[in-house]
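# Residue-level structure breakdown
Here's the letter readout for the chains.
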Amino acid sequence: MPLFPRYHGPSLIEQVCTVENLTNAWRRVRSNIQLIRRDRSAGIDQVTLRDFEADWPAQMAQLAEELRDGSYRPLPPRRVMLPKANGGERAIAILAIRDRIAQRAVQQVLTPLFEPLFLDCSYGCRLAVGVPEAVERVARYAEQGLSWVVDSDISAYFDSIDHGILLGLLRQRIDEPAILRLIGQWLAVGALHEEAELAEPAPASPLLNALRRGGELIHEAISAPADPNPPDVNYSDPYGMPPVAPRAGLPTGLFAAISLAQPAIEVAQRLGPLVRRIGPQRLLLGGALAAGAVAVSELVHHAKAKRAQRGTPQGGPLSPLLANIYLHPFDVAMTAHGARMVRFVDDFVVMCPDRDVAERTLALVERQLATLRLQLNPAKTRIVAYADGIEFLGQALAPRRGQGLFHGLTDFHEAERRLREQVGRLRKKGSREGDE
(Lines give C-alpha, C1' and ligand atoms only; values in the text may rest on other atoms or scores of the structure.)
Protein backbone atom coordinates (compact mmCIF):
# COMPACT_ATOMS: atom_id res chain seq x y z
CA MET A 1 0.00 0.00 0.00
CA PRO A 2 1.48 3.40 -0.97
CA LEU A 3 2.53 5.67 1.86
CA PHE A 4 1.69 8.74 -0.20
CA PRO A 5 -1.52 9.08 -2.24
CA ARG A 6 -1.17 10.06 -5.88
CA TYR A 7 -1.53 13.77 -6.67
CA HIS A 8 -4.17 14.60 -9.28
CA GLY A 9 -4.14 18.26 -10.13
CA PRO A 10 -2.70 20.95 -12.38
CA SER A 11 0.75 20.51 -13.88
CA LEU A 12 3.41 20.94 -11.21
CA ILE A 13 6.11 22.16 -13.59
CA GLU A 14 3.77 24.89 -14.78
CA GLN A 15 3.19 25.91 -11.17
CA VAL A 16 6.96 25.96 -10.63
CA CYS A 17 7.51 28.19 -13.66
CA THR A 18 4.92 30.87 -12.93
CA VAL A 19 6.28 34.39 -12.56
CA GLU A 20 4.82 34.61 -9.06
CA ASN A 21 6.41 31.38 -7.81
CA LEU A 22 9.84 32.04 -9.32
CA THR A 23 9.85 35.64 -8.09
CA ASN A 24 8.99 34.47 -4.58
CA ALA A 25 11.80 31.92 -4.83
CA TRP A 26 14.26 34.60 -5.92
CA ARG A 27 13.14 36.83 -3.06
CA ARG A 28 13.63 34.02 -0.54
CA VAL A 29 17.09 33.17 -1.87
CA ARG A 30 18.07 36.83 -1.84
CA SER A 31 16.80 37.41 1.72
CA ASN A 32 18.63 34.34 3.04
CA ILE A 33 22.00 35.78 2.05
CA GLN A 34 23.26 38.46 4.41
CA LEU A 35 24.28 41.79 2.92
CA ILE A 36 27.91 41.37 3.95
CA ARG A 37 28.06 38.00 2.18
CA ARG A 38 26.50 38.97 -1.13
CA ASP A 39 29.87 39.49 -2.76
CA ARG A 40 30.96 36.02 -1.53
CA SER A 41 27.80 34.03 -2.21
CA ALA A 42 28.87 32.34 -5.43
CA GLY A 43 28.48 28.70 -6.26
CA ILE A 44 30.98 26.83 -8.38
CA ASP A 45 30.22 29.12 -11.36
CA GLN A 46 31.62 32.14 -9.42
CA VAL A 47 28.42 34.16 -10.01
CA THR A 48 27.57 36.03 -6.80
CA LEU A 49 24.18 37.31 -5.73
CA ARG A 50 25.16 40.84 -6.77
CA ASP A 51 26.19 39.55 -10.19
CA PHE A 52 22.88 37.78 -10.62
CA GLU A 53 20.68 40.66 -9.49
CA ALA A 54 22.40 43.03 -11.92
CA ASP A 55 20.08 41.64 -14.61
CA TRP A 56 17.79 39.29 -12.73
CA PRO A 57 14.57 39.72 -14.79
CA ALA A 58 16.25 38.45 -17.96
CA GLN A 59 17.95 35.62 -16.09
CA MET A 60 14.70 34.60 -14.41
CA ALA A 61 12.93 34.51 -17.77
CA GLN A 62 15.72 32.31 -19.13
CA LEU A 63 15.54 30.01 -16.09
CA ALA A 64 11.76 29.66 -16.46
CA GLU A 65 12.15 28.76 -20.13
CA GLU A 66 14.78 26.11 -19.36
CA LEU A 67 12.72 24.57 -16.56
CA ARG A 68 9.65 24.45 -18.77
CA ASP A 69 11.27 22.97 -21.88
CA GLY A 70 13.55 20.55 -19.98
CA SER A 71 16.87 22.08 -21.03
CA TYR A 72 17.78 23.16 -17.47
CA ARG A 73 20.90 21.46 -16.06
CA PRO A 74 22.26 22.11 -12.56
CA LEU A 75 25.91 22.59 -11.66
CA PRO A 76 27.57 20.58 -8.89
CA PRO A 77 27.56 22.39 -5.55
CA ARG A 78 30.60 24.00 -4.02
CA ARG A 79 31.19 22.58 -0.57
CA VAL A 80 32.47 24.19 2.58
CA MET A 81 33.21 22.51 5.90
CA LEU A 82 31.59 24.03 8.99
CA PRO A 83 32.36 22.97 12.58
CA LYS A 84 29.68 21.08 14.52
CA ALA A 85 28.71 22.19 18.00
CA ASN A 86 29.67 18.78 19.42
CA GLY A 87 32.93 18.48 17.47
CA GLY A 88 33.83 17.42 13.96
CA GLU A 89 32.80 19.11 10.75
CA ARG A 90 29.73 19.18 8.54
CA ALA A 91 29.84 19.59 4.75
CA ILE A 92 27.48 22.31 3.52
CA ALA A 93 26.67 22.66 -0.17
CA ILE A 94 26.81 26.11 -1.78
CA LEU A 95 24.68 25.96 -4.90
CA ALA A 96 24.88 28.31 -7.86
CA ILE A 97 22.38 31.15 -7.46
CA ARG A 98 20.16 29.99 -10.31
CA ASP A 99 20.16 26.43 -8.92
CA ARG A 100 19.11 27.74 -5.51
CA ILE A 101 16.22 29.61 -7.10
CA ALA A 102 15.13 26.56 -9.09
CA GLN A 103 15.22 24.33 -6.01
CA ARG A 104 13.33 26.87 -3.94
CA ALA A 105 10.68 27.17 -6.65
CA VAL A 106 10.17 23.39 -6.66
CA GLN A 107 10.18 23.25 -2.86
CA GLN A 108 7.44 25.90 -2.68
CA VAL A 109 5.21 23.81 -4.95
CA LEU A 110 5.92 20.41 -3.38
CA THR A 111 5.69 21.37 0.30
CA PRO A 112 1.87 21.78 0.28
CA LEU A 113 1.59 18.32 -1.32
CA PHE A 114 3.63 16.49 1.34
CA GLU A 115 3.36 18.60 4.50
CA PRO A 116 -0.21 17.53 5.44
CA LEU A 117 0.77 13.86 5.08
CA PHE A 118 3.67 13.88 7.55
CA LEU A 119 2.98 12.50 11.03
CA ASP A 120 2.94 14.59 14.19
CA CYS A 121 6.04 12.82 15.55
CA SER A 122 8.12 14.75 12.97
CA TYR A 123 9.16 18.26 14.02
CA GLY A 124 12.21 19.15 11.92
CA CYS A 125 11.87 21.60 9.03
CA ARG A 126 8.09 21.57 9.34
CA LEU A 127 5.52 24.33 9.13
CA ALA A 128 4.32 25.79 12.47
CA VAL A 129 6.40 23.43 14.66
CA GLY A 130 10.03 23.30 15.67
CA VAL A 131 12.42 22.79 18.56
CA PRO A 132 10.18 24.21 21.37
CA GLU A 133 7.25 21.99 20.39
CA ALA A 134 9.48 18.91 20.08
CA VAL A 135 11.03 19.47 23.52
CA GLU A 136 7.61 20.04 25.07
CA ARG A 137 6.33 16.79 23.55
CA VAL A 138 9.19 14.84 25.14
CA ALA A 139 8.52 16.43 28.56
CA ARG A 140 4.82 15.63 28.23
CA TYR A 141 5.55 11.96 27.49
CA ALA A 142 7.78 11.84 30.58
CA GLU A 143 4.98 13.25 32.74
CA GLN A 144 2.74 10.46 31.47
CA GLY A 145 5.08 7.87 32.98
CA LEU A 146 7.29 7.08 30.00
CA SER A 147 10.46 7.37 32.04
CA TRP A 148 13.00 5.51 29.85
CA VAL A 149 14.48 7.00 26.72
CA VAL A 150 15.99 5.61 23.53
CA ASP A 151 18.16 8.57 22.53
CA SER A 152 19.88 8.40 19.13
CA ASP A 153 20.47 9.88 15.72
CA ILE A 154 21.19 8.51 12.26
CA SER A 155 24.78 8.13 11.14
CA ALA A 156 25.70 10.42 8.20
CA TYR A 157 22.02 10.75 7.33
CA PHE A 158 22.12 13.18 4.41
CA ASP A 159 25.05 11.30 2.85
CA SER A 160 23.23 7.96 3.20
CA ILE A 161 19.91 8.76 1.50
CA ASP A 162 19.38 6.16 -1.23
CA HIS A 163 18.36 7.80 -4.50
CA GLY A 164 16.33 4.82 -5.69
CA ILE A 165 14.27 4.64 -2.49
CA LEU A 166 13.75 8.40 -2.39
CA LEU A 167 12.65 8.66 -6.01
CA GLY A 168 10.34 5.69 -5.47
CA LEU A 169 8.63 7.50 -2.59
CA LEU A 170 8.34 10.65 -4.69
CA ARG A 171 6.75 8.70 -7.53
CA GLN A 172 3.99 7.53 -5.20
CA ARG A 173 2.83 11.14 -4.85
CA ILE A 174 4.07 12.71 -8.09
CA ASP A 175 3.47 11.25 -11.52
CA GLU A 176 5.16 14.02 -13.50
CA PRO A 177 8.43 13.19 -15.29
CA ALA A 178 9.57 16.83 -15.49
CA ILE A 179 9.61 17.23 -11.69
CA LEU A 180 11.12 13.80 -11.05
CA ARG A 181 13.83 14.51 -13.65
CA LEU A 182 14.72 17.79 -11.94
CA ILE A 183 15.04 16.16 -8.53
CA GLY A 184 17.02 13.28 -10.03
CA GLN A 185 19.48 15.71 -11.61
CA TRP A 186 20.00 17.58 -8.33
CA LEU A 187 20.61 14.30 -6.53
CA ALA A 188 23.00 13.15 -9.27
CA VAL A 189 25.23 16.22 -9.31
CA GLY A 190 25.28 16.31 -5.50
CA ALA A 191 26.37 12.68 -5.31
CA LEU A 192 28.93 13.06 -8.12
CA HIS A 193 30.54 15.87 -6.20
CA GLU A 194 30.35 14.19 -2.83
CA GLU A 195 34.05 13.37 -2.52
CA ALA A 196 35.52 15.91 -4.90
CA GLU A 197 35.48 18.65 -2.29
CA LEU A 198 36.63 21.89 -3.91
CA ALA A 199 37.83 24.66 -1.67
CA GLU A 200 38.64 28.00 -3.24
CA PRO A 201 42.18 27.40 -4.57
CA ALA A 202 45.10 29.76 -4.26
CA PRO A 203 45.86 31.65 -7.51
CA ALA A 204 49.00 29.66 -8.34
CA SER A 205 48.00 26.26 -6.96
CA PRO A 206 48.37 23.10 -9.06
CA LEU A 207 44.67 22.38 -8.48
CA LEU A 208 43.61 25.65 -10.10
CA ASN A 209 45.90 24.96 -13.07
CA ALA A 210 44.37 21.49 -13.39
CA LEU A 211 40.85 22.89 -13.30
CA ARG A 212 41.71 25.51 -15.89
CA ARG A 213 43.11 22.76 -18.08
CA GLY A 214 39.86 20.83 -17.58
CA GLY A 215 37.94 23.81 -18.92
CA GLU A 216 40.27 24.03 -21.92
CA LEU A 217 39.80 20.33 -22.68
CA ILE A 218 36.05 20.69 -22.58
CA HIS A 219 36.15 23.77 -24.82
CA GLU A 220 38.33 21.86 -27.28
CA ALA A 221 35.99 18.89 -27.15
CA ILE A 222 32.93 21.00 -27.89
CA SER A 223 34.69 22.74 -30.77
CA ALA A 224 36.16 19.58 -32.32
CA PRO A 225 34.33 17.77 -35.11
CA ALA A 226 32.44 14.64 -34.20
CA ASP A 227 34.27 11.34 -34.54
CA PRO A 228 32.92 9.61 -37.68
CA ASN A 229 33.44 6.20 -36.01
CA PRO A 230 32.53 6.70 -32.36
CA PRO A 231 33.06 3.82 -29.93
CA ASP A 232 30.04 1.78 -29.00
CA VAL A 233 29.52 3.12 -25.48
CA ASN A 234 26.25 4.05 -23.81
CA TYR A 235 26.58 7.45 -22.16
CA SER A 236 22.92 7.90 -21.25
CA ASP A 237 22.23 9.02 -17.72
CA PRO A 238 19.63 7.37 -15.45
CA TYR A 239 18.50 10.76 -14.13
CA GLY A 240 17.34 12.13 -17.45
CA MET A 241 20.50 13.87 -18.69
CA PRO A 242 20.89 13.57 -22.46
CA PRO A 243 23.79 11.57 -23.91
CA VAL A 244 26.76 13.43 -25.38
CA ALA A 245 28.22 12.32 -28.70
CA PRO A 246 31.87 11.23 -28.27
CA ARG A 247 34.42 13.69 -29.62
CA ALA A 248 37.83 13.00 -31.07
CA GLY A 249 40.90 13.57 -28.90
CA LEU A 250 39.22 13.56 -25.49
CA PRO A 251 39.48 10.87 -22.78
CA THR A 252 36.22 8.96 -22.49
CA GLY A 253 36.12 9.61 -18.74
CA LEU A 254 35.23 13.26 -19.38
CA PHE A 255 32.16 12.75 -21.57
CA ALA A 256 29.73 12.78 -18.66
CA ALA A 257 31.43 15.95 -17.43
CA ILE A 258 30.72 17.57 -20.78
CA SER A 259 27.08 16.55 -20.57
CA LEU A 260 26.83 18.57 -17.35
CA ALA A 261 29.09 21.47 -18.31
CA GLN A 262 27.94 22.12 -21.88
CA PRO A 263 24.44 23.36 -20.92
CA ALA A 264 26.05 25.72 -18.41
CA ILE A 265 28.31 27.10 -21.14
CA GLU A 266 25.32 27.54 -23.43
CA VAL A 267 23.46 29.40 -20.70
CA ALA A 268 26.45 31.68 -20.16
CA GLN A 269 26.56 32.46 -23.86
CA ARG A 270 22.91 33.55 -23.78
CA LEU A 271 23.35 35.81 -20.76
CA GLY A 272 24.95 38.70 -22.60
CA PRO A 273 23.98 41.46 -20.12
CA LEU A 274 25.47 39.48 -17.25
CA VAL A 275 28.71 38.85 -19.12
CA ARG A 276 29.07 42.57 -19.83
CA ARG A 277 28.60 43.41 -16.16
CA ILE A 278 30.91 40.84 -14.52
CA GLY A 279 33.42 40.55 -17.32
CA PRO A 280 34.12 37.67 -19.70
CA GLN A 281 37.44 36.73 -18.07
CA ARG A 282 35.81 36.16 -14.70
CA LEU A 283 32.99 34.18 -16.26
CA LEU A 284 35.47 32.02 -18.17
CA LEU A 285 37.38 31.30 -14.98
CA GLY A 286 34.13 30.30 -13.29
CA GLY A 287 33.28 28.07 -16.23
CA ALA A 288 36.70 26.41 -16.07
CA LEU A 289 36.29 25.79 -12.35
CA ALA A 290 32.83 24.32 -12.88
CA ALA A 291 33.91 22.13 -15.79
CA GLY A 292 37.05 20.96 -14.05
CA ALA A 293 35.10 20.16 -10.88
CA VAL A 294 32.64 18.05 -12.80
CA ALA A 295 35.49 16.29 -14.58
CA VAL A 296 37.23 15.44 -11.31
CA SER A 297 34.00 14.29 -9.69
CA GLU A 298 33.20 12.15 -12.74
CA LEU A 299 36.36 10.12 -12.11
CA VAL A 300 35.33 9.70 -8.48
CA HIS A 301 31.87 8.66 -9.65
CA HIS A 302 33.23 5.83 -11.80
CA ALA A 303 35.66 4.72 -9.08
CA LYS A 304 32.94 4.57 -6.41
CA ALA A 305 29.73 4.11 -8.36
CA LYS A 306 27.83 2.60 -5.47
CA ARG A 307 28.32 5.64 -3.25
CA ALA A 308 27.37 7.95 -6.08
CA GLN A 309 23.78 6.65 -5.87
CA ARG A 310 23.40 7.93 -2.32
CA GLY A 311 23.31 11.28 -0.58
CA THR A 312 21.70 14.65 -0.88
CA PRO A 313 23.77 17.76 -0.08
CA GLN A 314 22.93 19.77 3.01
CA GLY A 315 22.36 23.40 2.16
CA GLY A 316 20.03 23.06 -0.81
CA PRO A 317 16.53 24.53 -0.33
CA LEU A 318 14.91 21.21 -1.28
CA SER A 319 17.02 18.96 0.97
CA PRO A 320 14.99 19.36 4.21
CA LEU A 321 11.77 18.36 2.46
CA LEU A 322 13.44 15.37 0.81
CA ALA A 323 14.90 14.35 4.18
CA ASN A 324 11.44 14.25 5.78
CA ILE A 325 9.95 12.39 2.81
CA TYR A 326 12.67 9.74 3.07
CA LEU A 327 12.04 9.13 6.80
CA HIS A 328 8.24 9.09 6.49
CA PRO A 329 8.18 5.25 6.21
CA PHE A 330 10.21 5.10 9.43
CA ASP A 331 7.69 7.36 11.17
CA VAL A 332 4.78 5.24 9.94
CA ALA A 333 6.39 1.97 11.06
CA MET A 334 7.34 3.24 14.52
CA THR A 335 3.91 4.77 15.09
CA ALA A 336 2.19 1.57 13.94
CA HIS A 337 4.14 -0.31 16.64
CA GLY A 338 2.89 2.15 19.26
CA ALA A 339 6.24 3.87 19.80
CA ARG A 340 6.12 7.35 21.35
CA MET A 341 8.77 8.95 19.17
CA VAL A 342 9.77 12.57 18.69
CA ARG A 343 11.97 13.12 15.63
CA PHE A 344 13.73 16.25 14.43
CA VAL A 345 15.12 15.27 11.00
CA ASP A 346 17.81 12.65 11.90
CA ASP A 347 17.83 13.29 15.66
CA PHE A 348 15.15 11.47 17.67
CA VAL A 349 14.10 10.02 21.01
CA VAL A 350 11.60 7.26 21.78
CA MET A 351 9.94 7.38 25.20
CA CYS A 352 9.28 4.02 26.89
CA PRO A 353 7.71 2.84 30.20
CA ASP A 354 10.65 0.67 31.31
CA ARG A 355 14.11 -0.48 30.28
CA ASP A 356 12.98 -3.79 28.77
CA VAL A 357 10.62 -2.00 26.40
CA ALA A 358 13.36 0.49 25.57
CA GLU A 359 15.74 -2.31 24.59
CA ARG A 360 13.12 -3.93 22.35
CA THR A 361 12.33 -0.54 20.87
CA LEU A 362 15.99 0.07 20.02
CA ALA A 363 16.09 -3.24 18.14
CA LEU A 364 12.93 -2.19 16.27
CA VAL A 365 14.51 1.15 15.36
CA GLU A 366 17.57 -0.58 13.91
CA ARG A 367 15.44 -2.97 11.83
CA GLN A 368 13.23 -0.23 10.44
CA LEU A 369 16.16 2.01 9.54
CA ALA A 370 17.93 -0.91 7.84
CA THR A 371 15.05 -1.14 5.35
CA LEU A 372 15.97 2.41 4.32
CA ARG A 373 19.69 1.56 4.18
CA LEU A 374 20.37 3.70 7.23
CA GLN A 375 22.27 3.03 10.45
CA LEU A 376 22.31 4.52 13.92
CA ASN A 377 25.26 6.52 15.12
CA PRO A 378 26.71 4.22 17.83
CA ALA A 379 28.49 7.10 19.57
CA LYS A 380 25.19 8.91 20.07
CA THR A 381 22.88 5.98 20.77
CA ARG A 382 21.97 5.08 24.34
CA ILE A 383 19.18 3.94 26.62
CA VAL A 384 18.87 6.16 29.66
CA ALA A 385 16.44 6.89 32.47
CA TYR A 386 14.72 10.23 31.99
CA ALA A 387 15.35 10.96 35.68
CA ASP A 388 19.08 11.07 34.92
CA GLY A 389 18.49 13.81 32.35
CA ILE A 390 18.94 13.89 28.60
CA GLU A 391 19.98 16.48 26.06
CA PHE A 392 17.73 16.79 23.03
CA LEU A 393 18.07 19.44 20.31
CA GLY A 394 20.47 21.40 22.47
CA GLN A 395 18.06 21.46 25.44
CA ALA A 396 18.78 19.81 28.78
CA LEU A 397 15.70 17.85 29.86
CA ALA A 398 14.95 16.34 33.27
CA PRO A 399 11.86 15.71 35.45
CA ARG A 400 10.13 18.91 36.45
CA ARG A 401 10.66 19.75 40.11
CA GLY A 402 7.84 20.82 42.42
CA GLN A 403 4.15 20.11 42.17
CA GLY A 404 2.81 23.63 41.74
CA LEU A 405 0.36 25.70 43.77
CA PHE A 406 -2.76 23.86 42.67
CA HIS A 407 -1.41 20.29 42.42
CA GLY A 408 -3.81 17.63 43.71
CA LEU A 409 -6.83 19.92 44.05
CA THR A 410 -10.32 18.46 43.67
CA ASP A 411 -12.36 21.45 44.92
CA PHE A 412 -12.56 25.04 43.65
CA HIS A 413 -13.10 26.40 47.19
CA GLU A 414 -9.77 24.88 48.21
CA ALA A 415 -8.19 26.45 45.14
CA GLU A 416 -9.53 29.86 46.20
CA ARG A 417 -8.15 29.41 49.74
CA ARG A 418 -4.68 28.53 48.47
CA LEU A 419 -4.72 31.45 46.05
CA ARG A 420 -5.65 33.92 48.85
CA GLU A 421 -2.88 32.53 51.07
CA GLN A 422 -0.33 32.90 48.26
CA VAL A 423 -1.40 36.51 47.60
CA GLY A 424 -1.20 37.30 51.34
CA ARG A 425 2.34 35.93 51.55
CA LEU A 426 3.45 37.96 48.56
CA ARG A 427 1.95 41.16 50.05
CA LYS A 428 3.72 40.61 53.37
CA LYS A 429 7.00 39.99 51.59
CA GLY A 430 6.58 43.19 49.56
CA SER A 431 5.74 45.19 52.68
CA ARG A 432 8.86 44.00 54.51
CA GLU A 433 11.08 44.84 51.54
CA GLY A 434 9.53 48.33 51.41
CA ASP A 435 10.26 48.96 55.12
CA GLU A 436 13.88 48.07 54.58
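Presented here is a report on the structure given in the accompanying data block. (Residues numbered from 1 in each chain as written. Predicted model: local features only at pLDDT ≥ 70, side-chain atom pairs only at ≥ 80, totals over all residues. Heavy atoms only, no water.)

### A word on the packing of helix H2 (residues 19-31) against helix H5 (residues 97-114)
Contact geometry of H2 with H5 gives a least axis separation of 8 Å together with a crossing angle of 120 degrees. In terms of their interaxial angle, H2 and H5 are classed as oblique. The crossing of H2 and H5 is right-handed. Where H2 abuts H5, its residues Asn21, Leu22, Asn24, Ala25, Trp26, Arg28 and Val29 lie against Ile97, Arg100, Ile101, Arg104, Ala105, Gln108 and Val109. Considering only residue class, the contact of H2 with H5 consists of eight nonpolar, three polar and three charged. (Axes fitted to C-alpha atoms, helices over the stretch in contact; angles between N-to-C directions. Helix = DSSP H or I, 4+ residues; strand = E, 2+ residues; numbered from the N terminus. Parallel < 35°, antiparallel > 145°, perpendicular 65-115°, else oblique. Left-handed = near helix turned anticlockwise from the far one by under 90°. Contact = heavy atoms within 4.5 Å. Nonpolar A, V, L, I, M, F, W, Y, C, P; charged D, E, K, R; others polar.)

### A word on the packing of aromatic side chains
Applying the stated criterion to the full structure yields seven aromatic pairs. Here Phe4 and Phe114 contribute two aromatic rings whose centre-to-centre distance is 5.2 Å and whose plane-to-plane angle is 80 degrees, an arrangement assigned as edge-to-face. Note that Phe4 is positioned in the segment before helix H1 (12-16) and Phe114 in helix H5, a separation of 110 residues in sequence. Given the relative accessible area of 1%, Phe4 is considered buried. Owing to a relative accessible area of 0%, Phe114 belongs among the buried residues under this scheme. Pairing Tyr72 with Trp186 gives two aromatic rings, centres 6.1 Å apart and planes at 70 degrees, and the pair type is edge-to-face. Note that Tyr72 is positioned in the loop between helix H4 (56-69) and strand E1 (78-83) and Trp186 in helix H9 (residues 177-192), a separation of 114 residues in sequence. (Phe/Tyr/Trp six-rings, centres within 6.5 Å; stacked < 30°, edge-to-face > 60°. Buried < 20%, exposed > 50% of the residue type's maximum accessible area, 1.4 Å probe, protein only.)

### A closer look at the sheet that holds strand E6 (residues 382-385)
A sheet is described by the order of its strands in space; here four strands give the open sequence E4-E5-E3-E6, paired in antiparallel fashion. The two strands at the open ends of the sheet, each matched to only one other strand, are strand E4 (340-344) and E6. Each adjacent strand pair in this sheet contributes to an overall mean axis angle of 20 degrees, direction not counted. When strand E3 (residues 148-153) meets E6, the two strands line up antiparallel, connected through four bridges. (Pairing = 2+ DSSP bridges.)

### Quick look at the nonpolar core
If you look at the biggest cluster of nonpolar residues, it comprises 89 residues, and the most contacted ones within it are Ile101, Leu110, Phe114, Tyr157, Leu170 and Ile183. Considering each element in turn, this core owes the most residues, nine residues, to H5. Here Leu110 is in contact with Leu12, Ile174, Ile179, Ile183 and Leu321, once residues within four sequence places are set aside. (Core = buried A, V, L, I, M, F, W, Y, C linked by side-chain atoms within 4.5 Å.)

### As for the pattern of salt bridges
Inspection of every chain in the model, using the stated rule, returns eleven salt bridges. Between Arg6 and Asp175 there is a salt bridge, with its nearest N and O atoms 3.5 Å apart. Of this pair, Arg6 sits in the segment before H1 while Asp175 sits in the loop between helix H8 (163-173) and H9, and the two are 169 residues apart along the sequence. In this structure Arg6 comes out as partly exposed when scored by relative accessible area, which is 37%. Arg137 serves as the salt-bridge partner of Asp120, at 3.7 Å between the closest nitrogen and oxygen. Residue Asp120 is located in the loop between H5 and helix H6 (131-143), and its partner Arg137 is located in helix H6; the two are separated by 17 residues in the primary sequence. (Salt bridge = Lys/Arg side-chain N within 4 Å of Asp/Glu carboxyl O.)

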